[in-house]
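Architecture and fold: a report
Chain residues, written in single-letter form:
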Amino acid sequence: MRKLTGLLFAGGLGFMLLAIASGLDFGSPPMRIGEAIQSASPQEVGAANIVTSVVLGYRGIDTLGELAILFAAASAAGLVLGRRHTTTGTQRKGGFVLFHGGALIFPFLLTIGFYIIFHGHLTPGGGFQGGVILAAAFFLPLLARPGARLHHSILSVIEAFAGASFILIGLAALGEGQAFLQPMLNQDTLGALISAGTLPLLYIAVGLKVGAELASLLSNLAQTESEQ
Amino acid sequence: MIPGVTLELILYVTALGLVIIGLAGVVLSSHLFRMVLALVIAEAGANLMLVLSGYRWDAVAPILMQRTDQPAMVDPVPQAMVLTAIVIGVGIQALAVSILIRIRQRYGNLKRREVAEKMDAEIAASAGIRRDISQDAPLGERPLSPLPAHTAESRGGDA
Amino acid sequence: MNNLVLTIALPLLGAFLLPVVMRLSQALGLWLGPIILGYGCWLLGNLWFSDISLPLSVAIGGFDAPYGINLYLDSLALLFAFAVQLLGLICWPYGLNQDTARRQALMLLLVAASTGLALSGDLFNLYVFYELAAVATFGLVVASSTSAAYAATFRYLILSGIGSVLTLLGIALIYSQTGTLNLAHLAQLAPELLNNRLGLTAYLLILIGIGVKAELFPVNAWVPEIYATASSRLSGFLAGLLSKLALLIILRLLVLIFDQPEAVQIVLILGILGVISGEFAAWRAKDMRRMLGFSSIGQLGIIFIALSLPDERGLLALLALSLHHLVIKTGLFMLADGWGGSLERLTGAAKRSPVGAALFTLFALSLVGVPPLPGFWAKFTLITELAAQSEPLYLIGLLVFLLATVIETSYLFRIVVKLYSSAETTSEQPEHQQLPGLSLATASLFGIALLTATVLIAPIGDGLQAVAAEAKNTELYIQTVIPATPGGQL
């Protein structure tokens, strides 16, 4: 009975939403603020990737909140799972391919991760995408050797200082008499690697923070799983 | 192409379909881990809907290129929002899974009904209420909660 | 006025750094959070008494609204932001154990998010802060690390996940119709673009989504278990303040954007259902914490009824009820710190803790609405306002409200009688529940605040009236955020 009502309800909601959504003007959005941002952002922010201008400039505090959410989730997961010391040696190691493949791919993942972070203001990508790849780079060895552990103390230092530097860059602008998180420094040529003022710095902070946060989340989960 | 089936229809049906499948999954599944997975599906649908809100016909990604004839670009704001929403979703899912690991360790399994009953029993025990009335006693013997424990999540979905 | 953002940025900074600072020097780490919150109180308190003309709008990142995100500060936002920082300080997780750094960091995040909820003037930014508050809450609840806390948190997480999916859908609908997210800009566009079925659907989705935290009727299943398993301080913060902040968002949306009769009616109906379900469940509850949780659902239902009132006096009643409930519920949860268990155990507790019993009685009297206390005044405003409405639905609301008051009186005074009864505690109940000194002191603080409000009821009433008038003024909001340009609309 519950299942039937649930299905009926879900179907009804879907039908209603579809009816509403089909009334929308698909393919030609109003772009009230989108258009203005597109035309103003090369001068105001100076990043070739306009999504980056929005993420770090126009909606910078959203990104800060997002970092805080990741941090909160990682702290909460740490609280839940605790830090038990696992006994090494009892776990089965990964196979040959996983073990050596992981070691082989590690430097490439690092390079790609940092490349994506550094070019976040020029190409699709940025701190979040690059940070995820960094986390993967450090998590891969854990899969190959389940007993191995990440250095949580180093991770938490990176976590702390990457997050803090994002806010401190914002506060620096405030100290200069401007608004919090206002882009500073020289914008330079549009499309150059060193351009767009503080945006690349912010993205490096984001990338490190995301990488450290995800790595600690994943290693926490992996360790707890190997406890069982 | 079948007449009447336009690209927009397909996209909207996909986005809203994912949301509905996800919500229905949360309501209907009796296993806690499947509820998390269903939530992930629903979130994907909501994110797709958000991206669609900035889509423009024949427009390119909002990245300026070194050329004079810059074609029209899609709205950058929904893309930034969706990036935020995805990361938020990932954080919450990771937390949900880590909580599930602990629930599994403490309560032995992840069946929705059993976990809800054990939770009720534990709260009552820690509050010092004698539970001589079993959970299966007539409804009138139990504290009337606005949402009975084992259907609580599902009723939430009916909202 | 750019400093305003410090009330959000500094708690976040503190939270990020706290785990490292705590490892370097525990003494410094323990002081870090309270100092940051104290500074926040000082900053906002100064604003209240300074001659800066409110309301004002602060553009973050130097990007003017509606392109960037702005903080909007009127008296209402200032009041709530100040309450967040102060209550954060009061409900601070003192106490030392191996998780202190994480718990305090999460509390700082919760305060930062709540301040953001009070101040932000951007729809999506509100969503981000809302999620941050949710995740920080999950972390703080599981910090008590009982199995029940894990299960309760998981239920809350799923419900709030559903809420966030619905909110995102609502935001997507609004954005694809209007192409903006700024509340003031939306308010400008709403009469033209959102006064239709689509707008109403988006509103409903967001109402249910945000309503999870506001303990709105169909999505409040998490309430009793979370309050029963979380620490009392945290429950006090959640029930007292976070629910009101969610309410504040709904209020802003209703006043600024969705000024439609249907939108108001939905709130009224859900409020009535919330009152009925919450109060009856509270009456049947057998332990203190769950009773307080259910009663808070009922109280918030009453506040939702006040939210549906059309004019300024309705908003005044809403504010009075909210602030009153903030003080009372937080105070009661402080008492539940020692008296959290079964109600049977409270028999004769007045002898062991006369101050606690006196405070409970005081809170109960004011919650029910006995004349000299502020609760009477708040409820009286609501009754007169409800009675003045001509629509029959409001009459039902009035009747339900009166019924709720009767039920409230019954279950609260059952406890008061128990507290003062001299019946011998039987051998069955060996544990005499003691109120921890810190909780009792905090509860006394709220008791004193309540009594002060009783004395100063007239000036407070006038002040709230002004606050309500300002919050109801859509034109003022739009003018402040987007100063009129000669060319007209953007």
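What you are looking at is a predicted structure, and each value in this text was computed from that prediction instead of being measured. (Residues numbered from 1 in each chain as written. Chains lettered and ligands numbered in written order. Predicted model: local features only at pLDDT ≥ 70, side-chain atom pairs only at ≥ 80, totals over all residues. Heavy atoms only, no water.)

Here's the deal with the environment of Gly65(A)
Operational definition: Runs of E in the DSSP output that reach at least two residues are strands. Runs of H or I that reach at least four are helices, and both are numbered from the N terminus.
Tracing the chain through its elements places Gly65(A) in helix α4 (residues 60-81). As a C-alpha pair, Gly65(A) and Gln129(A) span 64 residues in sequence and 17 Å in three-dimensional space.

A word on the confidence of the model for chain A
Keep in mind that low pLDDT regions are not for reading the predicted coordinates in detail. Note the cut-off: For every residue, the predictor reports its confidence as pLDDT, a number between 0 and 100.
On average, residues of chain A score 80 in pLDDT, and 87% of them reach the 70 mark or higher. Mean pLDDT across the elements of chain A ranges from a minimum in helix α1 (residues 2-21) of chain A, with 77, to a maximum in α4(A), with 90.

Digging into the interface of chain B and chain A
Put simply, the rule is: In this description, contact between two residues means that some pair of their heavy atoms is separated by no more than 4.5 Å. What counts as buried area is the accessible surface, traced by a 1.4 Å probe, that two parts surrender upon association, with contributions from both included. Each salt bridge in this description consists of a side-chain nitrogen of Lys or Arg and a carboxyl oxygen of Asp or Glu lying within 4 Å of one another. Only Asp, Glu, Lys and Arg are considered charged in this grouping, and only Ala, Val, Leu, Ile, Met, Phe, Trp, Tyr, Cys and Pro are considered nonpolar; every other residue, Gly among them, is considered polar.
Taken residue by residue, the interface counts 50 residues in chain B and 57 residues in chain A. Carbon and sulfur atoms make up 73% of the area that chain B and chain A hide from each other, which totals about 4500 Å². For the chain B face of the interface with chain A, the top three residues by lost area are Leu28(B), Leu64(B) and Arg102(B), together amounting to 14%. Linking chain B to chain A there are one salt bridge. Among the ionic pairs, Arg56(B) bridges to Glu35(A), the shortest N-O distance being 3.9 Å. Mapped onto the side of chain B that touches chain A, the elements with two or more residues apiece are α1 (7-28), α2 (32-52), α3 (76-107) and α5 (152-157) of chain B. Of the residues belonging to the side of chain B that touches chain A, the class tally is 32 nonpolar, twelve polar and six charged.

Some details on helix α8 (residues 197-211) of chain C
Residues and elements named next belong to chain C. Cut-off, in case you're wondering: Residue count minus one, scaled by 1.5 Å, sets the expected span of a helix. Partly exposed describes any residue whose relative accessible area lies between the buried limit of under 20% and the exposed limit of over 50%, with all areas from a 1.4 Å probe on protein chains only and scaled to the type maximum.
For α8, with 15 residues, the first-to-last C-alpha span of 20 Å sits near the 21 Å given by 1.5 Å per residue. Most of α8 is tucked away: twelve of the 15 residues are buried. Taken together, the buried positions of α8 are Leu198, Gly199, Thr201, Ala202, Tyr203, Leu205, Ile206, Leu207, Ile208, Gly209, Ile210 and Gly211.

A look at the layout of surface pockets
Sizing a probe to match a water molecule and rolling it over the atoms shows the empty space that remains. Residue and element names in this part refer to chain C. Our working definition: Here a cavity is any set of points on a 1 Å grid over the protein atoms alone where a 1.4 Å probe fits but cannot get out, and a pocket is any open set with protein on both sides within 12 Å along at least 5 of 7 lines; a residue lines the site when it has an atom within 4 Å of a point. Grid points are joined across faces, edges and corners, and a volume is the space filled by probe spheres set on the points. Domain limits in this description derive from either an automatic procedure or a database domain assignment.
For the largest pocket, the calculated volume is near 1000 Å³. Those elements that place two or more of their residues in the lining of the largest pocket are α2 (26-49), α3 (75-90), α13 (312-339), α16 (374-388), α18 (437-455) and α19 (457-471). Broken down by element, the lining of the largest pocket gets its largest block of residues, eight residues, from α3. Of the residues assigned to the lining of the largest pocket, the class counts are 28 nonpolar, five polar and no charged. Summarising the domain contributions, the lining of the largest pocket has at least three residues from each of domain 1 (1-120) and domain 2 (121-477).

Some remarks on the domain arrangement of chain C
All names here are of chain C. With domains assigned, chain C is organised as domain 1 (1-120) and domain 2 (121-477). Between domain 1 and domain 2, the C-alpha centre-to-centre distance is 22 Å. In this complex, domain 1 contributes 38 residues to the contact, which on the side of domain 2 involves 42 residues. The largest per-residue losses of area from domain 1 upon contact with domain 2 belong to Leu76, Phe80 and Leu117, which jointly make up 20% of the total buried on that side.

Considerations on the interface of chain C and chain A
Spelled out, the test is: Nitrogen and oxygen atoms within 3.5 Å of one another constitute a polar contact, given that in protein one can donate a hydrogen and the other can accept it, and given that sequence-neighbouring residues count only through two side-chain atoms.
Facing the 58 residues of chain C at the interface are 52 residues of chain A. Together chain C and chain A conceal approximately 4600 Å² of surface at their shared face, both sides included; 76% is due to carbon and sulfur atoms. The largest per-residue losses of area from chain C upon contact with chain A belong to Phe16(C), Phe63(C) and Arg102(C), which jointly make up 18% of the total buried on that side. Between the two partners, chain C and chain A, sit one salt bridge. Across the pair Arg59(A) and Asp122(C) runs a salt bridge whose closest N-O atoms are separated by 2.6 Å. At the boundary of chain C and chain A, one finds seven residue pairs in polar contact (both at pLDDT 80 or more). Only α1 (6-24), α4 (100-119), α5 (123-142), α6 (147-178), α7 (183-193) and α8 of chain C provide two or more residues apiece to the side of chain C that touches chain A. Here the side of chain C that touches chain A takes eleven residues from α1(C), the largest share from any one element. Its residues placed into classes, the side of chain C that touches chain A shows 37 nonpolar, 14 polar and seven charged.

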